[in-house]
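Commentary on secondary and tertiary structure
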Amino acid sequence: MNRRKRNRRRVLFFVIFLIPLIAILFLRYSVSPLVQELARARVDNRASYIINEAVEAVLREEAVDYENIILFEKDINGSITALRTNMNEINHLKTRILSVIDTMLLDLDVNEIGIPLGSVILPELFSGTGPRLPVRVMSISRSDAEFRNEFIEAGINQSLQQIMMDVIVTMTILTPVGTETVTTISQVVVAETVIVGDIPDSYVNVDQGKP
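Residues numbered from 1 in each chain as written. Predicted model: local features only at pLDDT ≥ 70, side-chain atom pairs only at ≥ 80, totals over all residues. Heavy atoms only, no water.

Brief notes about the nonpolar core
Membership of the largest hydrophobic core comes to 42 residues, with the highest contact counts inside it found for I69, L93, I101 and M171. Of all elements in the fold, only α1 (2–62), α2 (66–69), α3 (87–106), β5 (136–155), β6 (158–175) and β7 (178–196) reach the threshold of two or more residues within this core. Element by element, the count of residues in this core is highest for α1, at 10 residues. Contact partners of M171, with chain neighbours within four places excluded, come to V43, A47, L105, V137, S139, I140, E180, T181, V182 and T184. (Core = buried A, V, L, I, M, F, W, Y, C linked by side-chain atoms within 4.5 Å. Buried < 20%, exposed > 50% of the residue type's maximum accessible area, 1.4 Å probe, protein only. Helix = DSSP H or I, 4+ residues; strand = E, 2+ residues; numbered from the N terminus. Contact = heavy atoms within 4.5 Å.)

The structure is reproduced here in structure tokens:
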């Protein structure tokens, strides 16, 4: 009798231990892809917002405008013959902006990028609700930016010239089901002006620092 009781207890203990384990493994392998997808999307969206916010903040603090970045060369008639880029200002802006972006991304907390539990369990009914599963930016493996010129027709004998900044940030994030790599690419207008007359035949490409 005692042996039977011991056997029953062993079976009961085994079942009690096994069922939760099976449930955990099932949830992990069935829900993991969704958690990973949601985590990547949330971090990417937030990173894009932060990039724009950081650029605006730095430009405002540094009081940067078009004249700080682009210098005009004119002929005796006042017509623009060439555009020259202030590379010192470009490099300063790049360093400053990337530093702000990196700091803001590493300071993100669960309230900003955590995944609502309802979005994982029953997204059709409870999307965006419930406690948040933790997601955290662990490190930034790449943070870089490139500047480029864009000319857009803005009317009769007028062109809109924009200085564009292409920002690329690659992050390692920690989710409840493991680590993920997220790369965010964002384009931001740094400065712009309207040029009256023909587009100059010569201008310095802000990426390469040469005509």
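Structural notes on the environment of I185
Within the fold, I185 resides in strand β7. With relative accessibility at 59%, the residue I185 sits in the exposed group. In sequence terms I185 and I168 are 17 residues apart; their C-alpha atoms lie 4.6 Å from each other. Setting aside its immediate chain neighbours within four residues, I185 contacts V167 and I168.

Focus: the side chain of T170
Following the sequence through the fold, T170 ends up in strand β6. Owing to a relative accessible area of 12%, T170 belongs among the buried residues under this scheme.

Remarks on a nonpolar patch on the surface
Together, I121, L122, L125 and F126 give the surface a local cluster of nonpolar side chains, amounting to about 420 Å² of exposed area. With respect to the helices and strands, the residue F126 is situated in helix α6 (residues 123–126). Residue class for F126 comes out partly exposed when judged on its relative accessible area of 43%. (Patch = residues over 30% accessible without salt bridge, like charges linked within 9 Å, V, L, I, M, F, W, Y side chains within 5 Å. Areas by Shrake-Rupley, 256 points an atom, 1.4 Å probe, with all protein chains shown as cover. Salt bridge = Lys/Arg side-chain N within 4 Å of Asp/Glu carboxyl O.)

Digging into the pairing of β6
Counting buried positions along β6 yields 14 of 18 residues, so the element is predominantly enclosed. Alignment of β5 against β6, held across 17 bridges, turns out to be antiparallel. Each bridged residue has a counterpart across the sheet, and for I152 the counterpart in β6 is L160. Count of turn residues in the β6/β7 antiparallel hairpin: two residues. (Pairing = 2+ DSSP bridges.)

A short note on the environment of Q162
Of note, Q162 is situated in strand β6. With a relative accessible area of 11%, Q162 lands in the buried category. For Q162 and V188, which are 26 residues apart along the polypeptide, the C-alpha to C-alpha distance reads 9.9 Å. In this view, Q162 contacts R148, N149, E150, I152, V189, A191 and E192; residues no more than four positions away in its chain are not counted. A polar contact of 2.8 Å, which involves the side chain of Q162, links it to the side chain of E192. (Polar contact = N/O pair within 3.5 Å; in protein donor to acceptor, adjacent residues only side chain to side chain.)

Some remarks on the confidence of the model for the chain
Averaged over the chain, the pLDDT score is 79; the fraction of residues at 70 or greater is 76%. The lowest-confidence element of the chain is strand β8 (residues 202–203), averaging 53 in pLDDT; the highest-confidence one is α3, averaging 91. Low pLDDT, under 50, characterises residues 204–211; the stretch is placed with 25 contacts to residues that sit more than four places away or in other chains. (pLDDT = per-residue confidence, 0-100.)

Observations concerning α3
The end-to-end C-alpha separation of α3 is 29 Å, in line with the 28 Å expected for 20 residues at 1.5 Å each. For α3, the full list of buried residues reads E89, I90, L93, I97, L98, V100, I101 and L105. Buried residues of α3, seen end-on, are gathered within an arc of 165° and therefore sit on one face of the element. Seen from the buried face of α3, the exposed residues on the opposite side, beyond 90 degrees, are N88 and T95. (Expected span 1.5 Å × (residues − 1). Arc of directions from axis to C-beta.)

Concerning the sheet that holds β6
Across the sheet, three strands lie side by side as β5-β6-β7; this open sheet has antiparallel pairing. A single partner strand is all that each edge strand has here, and the edge strands are β5 and β7. Each strand axis lies, on average, 15° off the axis of its neighbour in the sheet, ignoring direction. Contacts from α3 reach β5, β6 and β7, with the element oriented near 135° to β5. (Axes fitted to C-alpha atoms, helices over the stretch in contact; angles between N-to-C directions.)

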